[in-house]
Amino acid sequence: MNGDTIFYIIIALLTGEFVLERVLSRLNIKAMSAALPSKLSGLYDKEEYKKSQEYQIEKDNLGLYSSAASYLLTLILLSTGGYAWIDSFTKDHFDSNTGQILAFFAIVAILSDIISIPFEWKNTFSIEEKYGFNKMTPKTFIIDKIKGYALGGVIGGLLLWGFVAFYSNFPDTYWIIAWVVFMLFALGATMFYANIILPMFNKITPLEDGELRTAIEKYAEGVDFPLGRIMVMDGSKRSTKANAFFSGLGGNKNIVLYDTLIEKLSIDEIVAVLAHEVGHYKRKHTLQMFFISAVNMFITLFILSKFIDSKELAEAMGASKSSVFVGAAKHSLSPLNLVAFSMLYSPISLITGIVINAFSRKNEFEADAFAKDTSSSLALIDALKKLSVDSLSNLTPDENYVKMHYSHPPLLQRMEAMED
Ligand SMILES: [Zn+2]
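None of the values given here were measured: they were computed from a predicted structure.

Caption draft 1: How the structure looks around the coordination of the zinc ion. Donor atoms from the polypeptide that bind the zinc ion are His276 (NE2), His280 (NE2), Glu364 (OE) and Glu364 (OE), placed at 2.0 to 2.7 Å. For the zinc ion, the four donor atoms are set out with angles of 53 to 134 degrees between them, so the coordination reads as irregular.

Next up, the structure:
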């Protein structure tokens, strides 16, 4: 297959994915019902229910503009040979293959981020603000961006640097080495997330002694859960939306509660939410998901290794035949091949995404069932209702949209499963 054919395949895939997303979004808006589902009656009054749907529609419209903008940027870069231009520009300025690749991806990442900033700004300071969720100041927004760049630069840079180093030193086994290193990195990230990454963006304090702490400790003891530290995070710094999660792999598990969760839920409800999280741990879901992503990463890197040296991929991205030849002769890695591969691979990522979401939704039901057995399904249902009303979430999403995007089952399905 020559470069031109691959170019058209890439354009077709990108366009197909863009259209598919828009169709699903449309279906999702159409699935909105004028009246509340009878099981949820009383959850909202008429005005509030209407408001929740307007919120969803505004979010969806913004999503359309935002994905259209990044689709157009990619299309322009592809059809004008923009990627190839960045490739030769960085080649001219960096002698080493590693330096060139790092510079290439830094430029591409900054470009696509610049395109998305106006939409993120509009989402935070216009939509989230209008519906009363936003607590972020423009200053926090900008500081978050800078920290995000620094963090992404360091982590992404290190991983990319490692990959190029393995590629040039171990031509046959580099992808297996990269797989091991990436998975170790992912393991480390899950272990240290709450201790290192989170404090860069939020203030974390230990939960003070009192009724809530006692109730959590009592529950953990009853189900033989290795409870580590219980911490409170200032989620209210950015949004009124609430959450809770566990962190740590092996050994003791630390709990992080958003301050907004403590404010909104009763003690019984918080314990039920944590019982659900404990359910994930007891049913070994974290381990299972880690295993699935390890297999997924292995397959992806294996397929990548079959295409990574293809001259045709670089040509499809607009590189001239002679420059591709020079690159291949030096046995250096072309960033153009990595970009082309990521685009050609998108149908497979789409399918793995659907499979992983299906696993995740199944796990959510299992965790709910665990909470029902060891805590209270009524308290959990009350908590889920409160959180879903509070975040104006979509109560009647389209089935196909759920399959594609939902890692958690819709509220109604979770209630029905727990009522059985
Ligand atoms: Zn869960």
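After presenting the structure, the write-up continues.
Caption draft 2: Spatial organisation of helix H10 (residues 285-307). Under the 1.5 Å per step criterion, the end-to-end length of H10 is 33 Å for 23 residues, consistent within 8% with the ideal 33 Å. Among the residues of H10, His285, Ile292, Ala294, Thr300, Leu301, Leu304 and Ser305 are the ones counted as buried. The inward-facing, buried residues of H10 contact helix H5 (138-169), helix H6 (174-201), helix H9 (267-282), helix H13 (335-344) and helix H14 (346-374).

Caption draft 3: Local environment of the nonpolar core. Counting residues in hydrophobic clusters, the biggest one holds 54 residues, and the most contacted among them are Ile216 and Leu257. The element contributing the most residues to this core is H9, with seven residues. Of the domains in this structure, domain 1 (3-134 + 283-322 + 331-419) and domain 3 (204-264) are the two that each give at least three residues to this core. Membership of the second largest hydrophobic core comes to 24 residues, among which are Ile6, Ile10, Leu14 and Ala319.

Caption draft 4: Examining the UniProt feature "active site" (unreviewed entry) in the protein chain more closely. Per the UniProt record, the feature "active site" (unreviewed entry) sits at Glu277 and Asp368. Sequence-wise these annotated residues cover 92 residues; spatially they are packed, their C-alpha atoms never more than 8.7 Å apart. The residue glutamate 277 is located in helix H9 in this model. Leaving out residues up to four positions away in the same chain, glutamate 277 has contacts with Ala244 and Phe246. Residue class for aspartate 368 comes out buried when judged on its relative accessible area of 1%. Apart from residues lying up to four places away in sequence, aspartate 368 is in contact with His276, Leu380, Arg414 and Met418.

Caption draft 5: Examining unusual backbone geometry more closely. The phi torsion at lysine 284 lies on the positive side, around 60 degrees, for a residue other than glycine. Positive phi values are uncommon outside glycine, yet leucine 392 reaches one of about 50 degrees. Within the secondary structure, leucine 392 is located in the loop between helix H15 (377-390) and helix H16 (399-405).

Caption draft 6: Representation of the side chain of serine 25 within the structure. Relative to the helices and strands, serine 25 resides in helix H1 (residues 3-30). Contact partners of serine 25, with chain neighbours within four places excluded, come to Asp60 and Tyr401.

Caption draft 7: Geometry of the packing of H1 against H13. For the pair H1 and H13, the least separation of the axes is 9 Å and the interaxial angle reads 50 degrees. Judged by the angle between their axes, H1 and H13 are oblique. Here H1 and H13 pass one another in a crossing that is left-handed. In contact with Ile6, Ile9, Ile10, Leu13 and Leu14 of H1, H13 contributes Ala340, Met343 and Leu344. Partitioned by chemical class, the residues of the contact of H1 with H13 number eight nonpolar, no polar and no charged.

Parameters at a glance
- Residues numbered from 1 in each chain as written.
- Predicted model: local features only at pLDDT ≥ 70, side-chain atom pairs only at ≥ 80, totals over all residues.
- Heavy atoms only, no water.
- Donors = N, O, S within 2.8 Å, 3.2 Å for Na, K, Ca; no water.
- Tetrahedral: all angles 85-135°; square planar, octahedral: opposite > 155°, others 65-115°.
- Helix = DSSP H or I, 4+ residues; strand = E, 2+ residues; numbered from the N terminus.
- Expected span 1.5 Å × (residues − 1).
- Buried < 20%, exposed > 50% of the residue type's maximum accessible area, 1.4 Å probe, protein only.
- Contact = heavy atoms within 4.5 Å.
- Core = buried A, V, L, I, M, F, W, Y, C linked by side-chain atoms within 4.5 Å.
- Domains from an automatic or database assignment.
- UniProt positions renumbered as here; feature names shortened; annotations may be inferred.
- Axes fitted to C-alpha atoms, helices over the stretch in contact; angles between N-to-C directions.
- Parallel < 35°, antiparallel > 145°, perpendicular 65-115°, else oblique.
- Left-handed = near helix turned anticlockwise from the far one by under 90°.
- Nonpolar A, V, L, I, M, F, W, Y, C, P; charged D, E, K, R; others polar.

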